[in-house]
Amino acid sequence: MGKVIYHIDLNSFFASAEVLLDPTLKGKPIAVAGHSRRGVISTASYEARQFGVNSAMPTAMALQLCPNLIIVNGHSSFYQELSLKFIETIKKYTSVIEQASIDECYADMSEAIKNFERPMDLAWQIQTELLNDIGLKCSIGVAPNKFLAKMASDMKKPMGITVLRIQEVPAKLWPLKIDDMRGVGKKTAPILHDMGIHTIGDLANPTDIEKLRLVFGKNTDTIIQKANGLDDSELICDWDVKTMSQSTTFTNDLTDYDELKSVFLQLSKKLSTRMGHENKVGNLITITIKYFDFSISNRSRKLDEYISSSDDIYQNALDLFDENVEDIPMRLIGVGVSNLKNKEEIQVQINLFTQKPELSEYSKTQELIKKLNKSISIPSLKPASSLLKKKG
């Protein structure tokens, strides 16, 4: 049996938490909003969503859509308490857990699922336990990798359990709108539509890959692989204490994308400078977002190579932001690089596998043979260097 990855997503988490605090709110259209001067909805109950109310919507607009909407202030400490209970519940079944944010996690259930006669019994048991013990509903996506598990958990809400196998990708995944694909941001989707890419299937089988590279850059091949259901990213659950990070808290909550990009650039430059002074490089990039209601979201990506330059940090941090973060007012942004090592340590490893041994006599002989080869014009003769390679 291959890997079995669960993505467990608490449904309408903040609104559900408020119902736990005040049971009289149950079944009513409610929305959680902070004290932002912009008056923006953080999250809404499913009853409110039926009226078109959703996150990032101005409160005034939400009240127009749903005049009976009940606005409640967030209780961040209670949210954190519930989140801890949520993760502790999942830890009963596996220790391989990556907490993606306050209300969602990935869990490797490859071993745990063997203890159940029917594979879906485990998902049902977790769902039931979270509801009965903590009072929280959840949706669970079951798949062989993180990407498909996340996509699956979004397919049925609330209280859904969805299995998405590789062979089911053409039937279940490809018909979905490109806007629904994890990794395609709200600003990227319109660009893809203009290119004629309207579904995930269109992205999985592109007609012009080079044009796509103008949109996704070095991540083009990865995004196409994910559209085909392929994702080799590992769960990040063993955090290395060797971490350097930079963060900033805003005087006023930010939503403007260009301003946020500028913040990421400045943080990346400061972090790169610090890493340079410490002579460090790292291969785990992390962004931290604190929203106006004090909820926190962390997103991480393990890289194939070690980085320290501001450009590399900025691009990877911005990619994570574009792929994962909602357009909700933010009061803090942080960027971190982990799994730090000394530059020399990485350079030694690279040299070990890529550089030729420094044999001065060998090098001199090679140069001499090259000159002799240039002077030989008889085509039937093999270059002397090929003879030397055979001997070596």
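Residues numbered from 1 in each chain as written. Predicted model: local features only at pLDDT ≥ 70, side-chain atom pairs only at ≥ 80, totals over all residues. Heavy atoms only, no water.

K.L.:
Hey, could you run me through the overall build of the chain in this one?
P.N.:
Counting secondary structure elements, the chain contains 16 helices and 13 strands. By sequence separation, contacts in the chain at least 24 residues apart represent 64% of the contacts at least 6 residues apart. Carbon and sulfur atoms provide 52% of the accessible area of the chain, an area that totals close to 21000 Å². (Helix = DSSP H or I, 4+ residues; strand = E, 2+ residues; numbered from the N terminus. Contact = heavy atoms within 4.5 Å. Areas by Shrake-Rupley, 256 points an atom, 1.4 Å probe, with all protein chains shown as cover.)

K.L.:
Explain the confidence of the model for the chain here, please?
P.N.:
A low pLDDT means the predicted coordinates there should not be read in detail. For the chain, the mean per-residue pLDDT works out to 85, and 86% of the residues sit at or above 70. The low-confidence segment residues 350-364, where pLDDT is below 50, has 1 contact with residues more than four positions distant or belonging to other chains. Note on residues 377-392: pLDDT under 50 across the span, and 10 contacts to partners over four residues away in sequence or across chains. (pLDDT = per-residue confidence, 0-100.)

K.L.:
Any chance you could explain unusual backbone geometry here in plain terms?
P.N.:
Trans peptide bonds make up the majority, and among non-glycine residues the majority have a negative phi. The peptide bond linking Lys 157 to Pro 158 adopts the cis configuration, its omega dihedral lying at -5°. By the secondary structure assignment, Pro 158 is in the loop between α6 (146-153) and β8 (161-163). Phi at Ser 12 takes a positive value of approximately 45°, unusual for a residue other than glycine. In this fold, Ser 12 is placed in the loop between β1 (5-10) and α1 (13-21). At Asn 339, a residue that is not glycine, the phi angle is positive and equals roughly 55°. Note on Asn 339: relative accessible area 15%, which makes it buried. (Buried < 20%, exposed > 50% of the residue type's maximum accessible area, 1.4 Å probe, protein only.)

K.L.:
Before we go on, may I ask you to explain a nonpolar patch on the surface in this structure?
P.N.:
A contiguous nonpolar patch, built from Phe 51, Met 61 and Leu 65 and spanning about 280 Å² of accessible area, is present on the exposed surface. Using a relative accessible area of 38% as the deciding quantity, one classes Leu 65 as partly exposed. (Patch = residues over 30% accessible without salt bridge, like charges linked within 9 Å, V, L, I, M, F, W, Y side chains within 5 Å. Salt bridge = Lys/Arg side-chain N within 4 Å of Asp/Glu carboxyl O.)

K.L.:
Would you mind going over the pairing of strand β12 (residues 330-338) with me for this structure?
P.N.:
Regular strands place their side chains on alternate faces of the sheet. With 9 of its 9 residues buried, β12 lies for the most part within the structure. Pairing of strand β9 (residues 243-254) with β12, which is carried by 8 bridges, proceeds in the antiparallel orientation. Each residue of the ladder has a partner; that of Thr 243, found in β12, is Ser 338. For strand β10 (residues 280-291) and β12, the ladder comprises 8 bridges, and the chain directions are antiparallel. Paired with Ile 285 across the strands is Val 337, a residue of β12. (Pairing = 2+ DSSP bridges.)

K.L.:
Before we go on, may I ask you to explain the state of the cysteines in this structure?
P.N.:
What makes a disulfide is a covalent bond joining the sulfur atoms belonging to two cysteines. Tallying each qualifying case throughout the model produces 0 disulfides. Between Cys 105, a free cysteine, and Cys 138, which holds the nearest cysteine sulfur, the sulfur-to-sulfur gap is 9.1 Å. Residue Cys 105 is classed as buried on the basis of its relative accessible area, which comes to 0%. The exposure class assigned to Cys 138 is buried, which follows from its relative accessible area of 0%. (Disulfide = S-S within 2.5 Å.)

K.L.:
Would you explain the nonpolar core in this entry?
P.N.:
Across soluble globular proteins, nonpolar side chains have a tendency to be buried as a group. In this structure, Tyr 6, Ile 8, Ile 90, Met 109 and Ile 126 are the most contacted members of the largest nonpolar core, which totals 36 residues. Contributing elements (two or more residues each) for this core: β1, α1, β2 (30-33), α4 (76-91), β6 (104-108), α5 (120-134) and β7 (138-143). Per-element accounting of this core gives the leading share, 6 residues, to α4. In this structure, Ile 90 is in contact with Ile 8, Ile 97, Cys 105, Ala 107, Met 109 and Ile 126, ignoring residues within four places of it in sequence. Membership of the second largest hydrophobic core comes to 30 residues, among which are Met 244, Leu 318, Val 337 and Leu 340. (Core = buried A, V, L, I, M, F, W, Y, C linked by side-chain atoms within 4.5 Å.)

K.L.:
What is the right way to look at the pattern of salt bridges in this model?
P.N.:
Note on pairing: side chains with opposite charge can pair once their charged atoms come close. Tallying each qualifying case throughout the model produces 18 salt bridges. Between Lys 92 and Glu 129 there is a salt bridge, and its shortest N-O distance comes to 2.6 Å. On the criterion of sequence distance, the pair formed by Lys 92 in the loop between α4 and β5 (97-101) and Glu 129 in helix α5 is long-range, its members being 37 residues apart. Exposure remark for Lys 92: the relative accessible area of 56% places this residue in the exposed category. Here Glu 129 falls in the buried class, since its relative accessible area comes to 13%. Residue Glu 104 is joined to Arg 299 by a salt bridge in which the shortest nitrogen-to-oxygen separation is 2.6 Å. In this pair, Glu 104 sits in strand β6 while Arg 299 sits in strand β11 (residues 296-307), placing the two residues 195 residues apart along the sequence. Look at Glu 104 and you get buried, because its relative accessible area is 6%.

K.L.:
Is there a simple way to explain α5 in this structure?
P.N.:
Working note: α-helix, 3.6 residues per turn, so residues spaced by three or four point in the same direction. In a regular helix each residue adds 1.5 Å, so 15 residues correspond to 21 Å; α5 covers 21 Å between its end C-alpha atoms and thus fits that length. Buried within α5 we find Leu 122, Ala 123, Ile 126, Gln 127, Glu 129, Leu 130 and Ile 134. Down the axis of α5, the buried set is contained in an arc of 160°. They therefore lie on one face. Residues of α5 that are exposed and angled more than 90 degrees away from the buried face: Trp 124 and Asn 132. (Expected span 1.5 Å × (residues − 1). Arc of directions from axis to C-beta.)

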